[in-house]
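A structural walkthrough
Residues per chain, in single letters:
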Amino acid sequence: MTNKETVEDPEKEKRKIKSVKKMKEIMTNYYIEAKTADQTGKKIAWITSGGPVEPLIVMDVIPVYPENHGAMIGASKMGVDLCEKSEEMGYSRDLCSYARTDIACSPINGGPIGGLPKPDMLICCNNICGTVLKWYEIQARYYDVPLFILDTPFCHTEFSIEAKEYVKKQINEYLKFLEMVCDKQFDYDRMKQVGQLSLKGQRLWQAVLDTTVHQPAPMSAFDAFFHLALIVTLRGTQIVVDYYSSLLDEMRERITSGISAVHNEKYRLLWDNIPIWYRTRWLSEKFASHDACLVADTYTSAWCSSLKYINEGNFLDTMADGYTKIYLNIGVDKMAEHVIEMIDKYNANGIVMHSNRSCKPYSFGQYDILKIVKEKRDIPALVIEADMVDERSFSESQIETRIDAFMEVLKARK
Amino acid sequence: MEILNLFREIANNPNDYVKTWKEENNGKVMGYFCSYTPEEILFAAGALPFRIFGTGGNISMADAHLQAYSCSLVRGALEDALSGKLNFLDGIIFPHTCDSIQRLSDIWRLNIGFGFHMDVVLPVKLNTDSAREYMVNVLKKFKQRFEKELCCEITNENLKASVEKYNRIRTCLKKIYEIKRENPDIISSSNIYAVVKASMVMDRNVLLEKLPRVLDLLEDKKSEVKYTGKRLILAGGICNFPDIYQIIEGSGGAIVWDDTCTGSRYFEGTIDPNGDIIESIAQRYFERHVCPAKHSGLFNRGEHIVRIVKENNAQGVVFLFLKFCDPHAFDYPYIKEMLDKEGIPSMLFEMEDLLSSEGQLKTRCEAFLETL
């Protein structure tokens, strides 16, 4: 299929990001290492996507991300089967499809990689949602392994002093928990190095995302969805730093050589919410057919949103801020401010919101964000009703019609 | 039965009741969500804590703010606020519970023009020392802010008097439940529900006078006649549909105990009125059976439900969830499994709104009760 396309469309080939191959290799190696951990004696921790992974790296624990697993399940279009399986297990169809598919994979080693490696511990940080708490409780019961919960109080309007104290205390409890489960001392010197690598990785990832400020954009949000996996899974390692350095080089070269993600980019759009994993290509092509490029998104940039709060020289102490004040753990008005900043930064002409049945904290409030955005920046908006993994909630014809209508509005404005 | 009519009237029209109360007493009314609201602090300041249920049905204005996949409580409450039905509120309190209430708080803050707005971001974990310390700090700060908003001082005496009254209220409610458990026939669940619901909205001083009268009434009716219907436990979040009780009872069952926010979670546990009262309030939250949006261990909720089935000689469990209530839906499979292992039958019913659910619930309930 790929070869055929190459022959048929050299133009398309030129636009392909070459680093993709390397990225796939890194991810394959990562999963092989994780899946063979029982042979190397390394411990496995399952951790939420917004969770503090750096201490795990310090302890030589391999972090595994059920949410990344969920995304892979969605992208490989295995979501519906696994969702149905979870419903047979008694889980309501209205629950998060990442959680549902991951839970359904456990007893059958299902999914694209035959299930995740069995965890030795579970690390749950509720800075992204309350769902992860329930999900990790379920997996802690299933695997009968210790569960650590990092409770990051929601910042409606502020991160209070008492909340900060609470999170700081829990970070110490977290380190003690790791010492207990791993049966070794926590190496604070190594933490400094890991912290620096984490920040370096985040900065590089932000720099990669920022290349789309250039018009036309050398990559799109759809590319960011793919390349995101590393900052989530291997944050705090040299691998991430090396990979994003080379990806950044490639993006800069593309800018120099005039290679853009979308041929003839005329419209620049901002995406909100988790991708619709099973339709990323379809959506990407659909927008491209209208000369529109999704140049940025609120999702992939969330992994750099703590940059401004973390002090490089004092990573552990500033982690409380960094992990609590992230995009999803703040009030709707603060999120709207962030969206407006992005619109300005990337010079977006329109906004596309995925109203994601699976993710209530990300989706409830979207209408109010749009209201605020429209008051401050006069740009059209499109809301797509769907689900990130469960294809049954995706109506192609309806969404296609809505995208076409939205693009007509945009075209009429230009 | 006159006393029960009073409760029914208030439960049916809480808004009318509270508007009259406000006029007559020139008092402050504080709207709140969830059984994790430290009502005792509000009451100590002389305010009336008013639980918001959402009237349900006809959602139109809330649709501009919330997607259709939010629960009827969240949408209904926002609809009531937007349409002006809750204009009498002087303030609103959002304790942190689930993702939906969390976002409702934001939407409310940005769109509802009346009253002041307070978030009480309690810990999600309720089983560690640092969480307890944090909770105490949050409650202390809440008290200070509340004093500022109301321009009043809440003295230790006020607080002590308040928790003592709440202890009496909770003890009375529990006794009513205990009598019902012994004699399921003597008071209908819809009447019990009316009493509990009214208890969450009415003048607590008046409530304290009236609750013992309910108890007297029930004591008089107590009998030795053994109940012959099916004894059931109701488990879920809030149940704002009194008709449901009639359906269950009409099918030959009786709810002899529950694990709901509008039931036992509201009245379980008393507060030590001696010592640091804020710490005692926190202590109650730490000891009480948790809502599934909170964490206090991996098996607590399942064990609790199995235990109340046994303690109350119940034959089965009816899970009644609001559709789109994530915390309950996530807990359901493991609790059901625990019940199955004990040989305790259960049924699950998810409700969106009553109208579309009534017939279906009746059929399912009858079928379920036949198997017991």
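Residues numbered from 1 in each chain as written. Chains lettered and ligands numbered in written order. Predicted model: local features only at pLDDT ≥ 70, side-chain atom pairs only at ≥ 80, totals over all residues.

1. Looking at the overall build of chain A
Worth spelling out the cut-off: Numbering of helices and strands runs from the N terminus; a helix is a DSSP stretch of H or I covering at least four residues, while a strand is a stretch of E covering at least two. Taken over C-alpha atoms, the radius of gyration is set against a globule rule of 2.2 Å times the number of residues to the power 0.38. Residue burial here comes from a neighbour count, namely the number of other C-beta atoms, placed from the backbone, that lie within 10 Å of the residue's own C-beta, with 20 or more meaning buried, 12 or fewer meaning exposed, and in between meaning partly exposed. What counts as a contact here is a pair of residues whose C-beta atoms, placed from the backbone, lie within 7 Å.
A count of helical and extended segments in chain A gives 20 helices and eight strands. Here the C-alpha radius of gyration of chain A, 21 Å, is about what a compact globule of 414 residues would show, namely 22 Å. In terms of its C-alpha atoms, chain A occupies a principal-axis envelope of roughly 65 × 45 × 40 Å. In chain A, which comprises 414 residues, the proportion classed as buried is 53%. Partitioning the intrachain contacts of chain A with sequence separation of at least 6 by distance along the chain shows that 78% fall at a separation of at least 24.

2. Re the interface of chain A and chain B
To keep it simple, the criterion reads: Three classes are used, and their members are as follows: Ala, Val, Leu, Ile, Met, Phe, Trp, Tyr, Cys and Pro are nonpolar, Asp, Glu, Lys and Arg are charged, and the others, Gly among them, are polar.
If you look at the interface, chain A gives 39 residues, while chain B gives 42 residues. If you list the elements that add at least two residues to the side of chain A that touches chain B, you get helix 9 (131-143), helix 10 (161-182), helix 17 (332-346), helix 18 (360-363) and helix 19 (366-376) of chain A. No other element matches the seven residues that helix 9 of chain A contributes to the side of chain A that touches chain B. Of the residues in the side of chain A that touches chain B, the class split is 16 nonpolar, 11 polar and 12 charged.

3. Some thoughts on the nonpolar core
Applied cut-off: Residues of type Ala, Val, Leu, Ile, Met, Phe, Trp, Tyr and Cys that are buried and joined through C-beta atoms within 7 Å form what is called a nonpolar core. In this document the domain limits rely on a domain assignment from an automatic tool or a database.
Formed by 263 residues in total, the largest nonpolar core has its most connected members in Leu269 of chain A together with Leu78, Leu232 and Ile233 of chain B. Looking at which domains feed residues into this core, each of domain 1 (22-189) and domain 2 (192-413) of chain A gives three or more.

4. Comments concerning the packing of helix 3 (residues 19-35) of chain A against helix 14 (residues 238-257) of chain A
All names here are of chain A. Which entries qualify depends on this criterion: To obtain each axis, a line is fitted to C-alpha atoms, and for helices this fit is confined to the stretch in contact; angles are then taken between N-to-C directions over 0 to 180 degrees. Orientation categories follow fixed angle ranges, with anything under 35 degrees roughly parallel, anything over 145 roughly antiparallel, 65 to 115 roughly perpendicular, and all other angles oblique. Rotating anticlockwise by less than a right angle from the far helix to the near helix defines a left-handed crossing, while the corresponding clockwise rotation defines a right-handed one.
Between helix 3 and helix 14, whose axes approach to 10 Å, the crossing angle comes to 165°. Here helix 3 is positioned roughly antiparallel relative to helix 14, judged by the angle of their axes. In this structure, helix 3 meets helix 14 at a crossing whose hand is left-handed. Contacts between helix 3 and helix 14 involve Ser19, Lys22, Met23 and Ile26 from the former and Ile239, Tyr243, Ser246, Leu247 and Glu250 from the latter. Of the residues contributing to the contact of helix 3 with helix 14, the split by class is five nonpolar, two polar and two charged.

5. What about the confidence of the model for chain B?
Fine structural detail should not be taken from predicted coordinates in areas where pLDDT scores are low. What counts is decided by this rule: pLDDT gives the predictor's per-residue confidence on a scale running from 0 to 100.
Per-residue pLDDT for chain B has a mean of 94; in total, 99% of the residues score no lower than 70. Note on the complex model: pTM 0.96, ipTM 0.96.

6. Some words on the sheet that holds strand 3 (residues 91-95) of chain B
Residues and elements named next belong to chain B. Rules: DSSP-based pairing: two strands are paired if at least 2 bridges between them are found.
Ordered in space as 2-1-3-4, the four strands form an open sheet in which the pairing is parallel. Of all strands in the sheet, those bounded by a partner on one side alone are strand 2 (48-51) and strand 4 (116-120). In this sheet, adjacent strand axes meet at a mean angle of 25° when their direction is disregarded. As paired elements, strand 3 and strand 4 share five bridges and run parallel to each other. Its bridge partner lying in strand 4, isoleucine 92 is registered against histidine 117.

7. Topic: the sheet that holds strand 4 (residues 147-150) of chain A
All names here are of chain A. The sheet built from four strands is open, its strands ordered 2-1-3-4 with parallel pairing. Edge positions in the sheet fall to strand 2 (62-64) and strand 4, since each of these pairs with one other strand and no more. Within this sheet the neighbouring strands show an average axis-to-axis angle of 25°, counted without direction. Alignment of strand 1 (residues 44-47) against strand 2, held across three bridges, turns out to be parallel. Its bridge partner being in strand 2, isoleucine 44 is matched across the sheet by isoleucine 62.

8. As for the packing of helix 13 (residues 300-311) of chain B against helix 14 (residues 326-341) of chain B
Residue and element names in this part refer to chain B. Look at helix 13 against helix 14: their axes get within 9 Å of each other, and the N-to-C directions meet at 45°. By the angle class used here, helix 13 and helix 14 are oblique. Seen along the crossing, helix 13 lies across helix 14 with a hand that is right-handed. Residues Arg301, Gly302, Ile305 and Val306 of helix 13 lie in contact with helix 14, whose contacting residues are Asp331, Tyr334, Ile335, Met338 and Leu339. Considering only residue class, the contact of helix 13 with helix 14 consists of six nonpolar, one polar and two charged.

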